[in-house]
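Chain residues, written in single-letter form:
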Amino acid sequence: MKDVHYEDENSQYIAIGSVEKVLCMVACRVEDPHGDYFKKNLATIPDYKWIGEDGLKMQSFGSQAWDTSFALQALIAYNMTDEIGPTLKKGHQLRTILMATLKACTTTFQWDRSWTFSDQDHGWQVFDCTTEVLSTIFNDATRNCW
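**Observations regarding the pairing of strand 2 (residues 55-58)**
No. 1: Pairing of strand 1 (residues 49-52) with strand 2, which is carried by four bridges, proceeds in the antiparallel orientation. Residue pairing across strands places lysine 49 opposite methionine 58, the latter belonging to strand 2.
No. 2: If you look at the hairpin formed by strand 1 and strand 2, you'll find two residues sitting between the two strands.

Below you can see the structure in the form of structure tokens.
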């Protein structure tokens, strides 16, 4: 349970994805059905569900940092900075908002700031996402996109 609580606390009870979310929540329920860990897990369920035309859906947690980076890289590749300058600027602002400040980490590689797969609240740094965001920033800078 120590590992479950560690993941819950570091991801603001969002977890890595929808399957992991349910597993952590069930483990906390079994541990203490009236405990704070279970209640905090329940509070983040709305992050995963939505109502579609054909009923209730459960989705994976969003990939804002990842998707934004790839979209901006594609836009930059077109060399149309004048036409899409405002869009690139908004993308840069979103990258700044999505940057996570790490609270705790037990790995050898610990950065003060990086990007997660989704958003700041998710909290788990992902090196692939950080690499893609940095790649986009360097492409922006070399082409004077903002």
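**Some points on unusual backbone geometry**
A negative phi holds for most residues other than glycine; trans holds for most peptide bonds.
No. 1: Positioned with a positive phi, glutamine 12 is a non-glycine residue whose angle comes to about 55°.
No. 2: Looking at where glutamine 12 falls in the secondary structure, it is placed in the loop between helix 1 (2-10) and helix 2 (18-31).
No. 3: Classification of glutamine 12 by relative accessible area gives partly exposed; the value is 34%.
No. 4: At tyrosine 13, a position not held by glycine, the phi torsion is positive, near 65°.
No. 5: With respect to the secondary-structure elements, tyrosine 13 resides in the loop between helix 1 and helix 2.

**Focus: a nonpolar patch on the surface**
No. 1: Among the surface-exposed residues, Val22, Val26, Val30 and Met58 lie close enough to one another that they form a single nonpolar patch of about 360 Å² accessible area.
No. 2: With three residues, helix 2 is the single largest residue contributor to the nonpolar patch.
No. 3: The topology assignment puts valine 22 in helix 2.

**Digging into the packing of helix 4 (residues 64-77) against helix 5 (residues 81-98)**
No. 1: Look at helix 4 against helix 5: their axes get within 10 Å of each other, and the N-to-C directions meet at 155°. One way to sum up the angle between helix 4 and helix 5 is to call them roughly antiparallel. Seen from above, helix 4 lies across helix 5 with left-handed handedness. Facing Gln64, Ala65, Thr68, Leu72, Leu75 and Ile76 of helix 4, the residues of helix 5 in contact are Ile84, Thr87, Leu88, Gly91, His92, Leu94, Arg95 and Leu98.
No. 2: Looking at the contact of helix 4 with helix 5 residue by residue, the class counts come to eight nonpolar, five polar and one charged.

**Brief notes about the nonpolar core**
No. 1: Counting six residues, the largest nonpolar core consists of Val4, Cys24, Met25, Ala27, Cys28 and Phe38.
No. 2: Per-element accounting of this core gives the leading share, four residues, to helix 2.
No. 3: Residues contacting phenylalanine 38, with those up to four places away along its chain left out, are Met25, Cys28, Arg29, Asp32 and Pro33.

**Details of the state of the cysteines**
No. 1: Overall, the coordinates contain zero disulfides when judged by the stated rule.
No. 2: Note on cysteine 28: no disulfide assigned, nearest cysteine sulfur contributed by cysteine 24 at a separation of 6.6 Å.
No. 3: Taking the relative accessible area as the measure of exposure, cysteine 28 reaches 1% and is therefore buried.

**A look at the confidence of the model for the protein chain**
No. 1: Confidence in the prediction for the protein chain averages 76 pLDDT; 73% of positions are at 70 or higher.
No. 2: Per-element confidence in the protein chain is highest for helix 3 (residues 36-43), whose mean pLDDT is 95, and lowest for strand 3 (residues 99-101), whose mean pLDDT is 59.
No. 3: Across residues 102-109 the pLDDT falls below 50, and counting only partners more than four positions away or on other chains, this stretch makes 17 contacts in the model.

**Examining the packing of helix 2 against helix 3**
No. 1: Interhelical geometry of helix 2 versus helix 3 gives an angle of 150° and a closest axis separation of 8 Å. On the basis of their axis angle, the class for helix 2 and helix 3 is roughly antiparallel. Between helix 2 and helix 3 lies a crossing whose hand is left-handed. Residues Lys21, Cys24, Met25, Cys28, Arg29 and Glu31 of helix 2 touch helix 3, and the partners they reach there are Tyr37, Phe38, Asn41 and Leu42.

Reading the values: the criteria
Residues numbered from 1 in each chain as written. Predicted model: local features only at pLDDT ≥ 70, side-chain atom pairs only at ≥ 80, totals over all residues. Heavy atoms only, no water. Pairing = 2+ DSSP bridges. Helix = DSSP H or I, 4+ residues; strand = E, 2+ residues; numbered from the N terminus. Buried < 20%, exposed > 50% of the residue type's maximum accessible area, 1.4 Å probe, protein only. Patch = residues over 30% accessible without salt bridge, like charges linked within 9 Å, V, L, I, M, F, W, Y side chains within 5 Å. Areas by Shrake-Rupley, 256 points an atom, 1.4 Å probe, with all protein chains shown as cover. Salt bridge = Lys/Arg side-chain N within 4 Å of Asp/Glu carboxyl O. Axes fitted to C-alpha atoms, helices over the stretch in contact; angles between N-to-C directions. Parallel < 35°, antiparallel > 145°, perpendicular 65-115°, else oblique. Left-handed = near helix turned anticlockwise from the far one by under 90°. Contact = heavy atoms within 4.5 Å. Nonpolar A, V, L, I, M, F, W, Y, C, P; charged D, E, K, R; others polar. Core = buried A, V, L, I, M, F, W, Y, C linked by side-chain atoms within 4.5 Å. Disulfide = S-S within 2.5 Å. pLDDT = per-residue confidence, 0-100.

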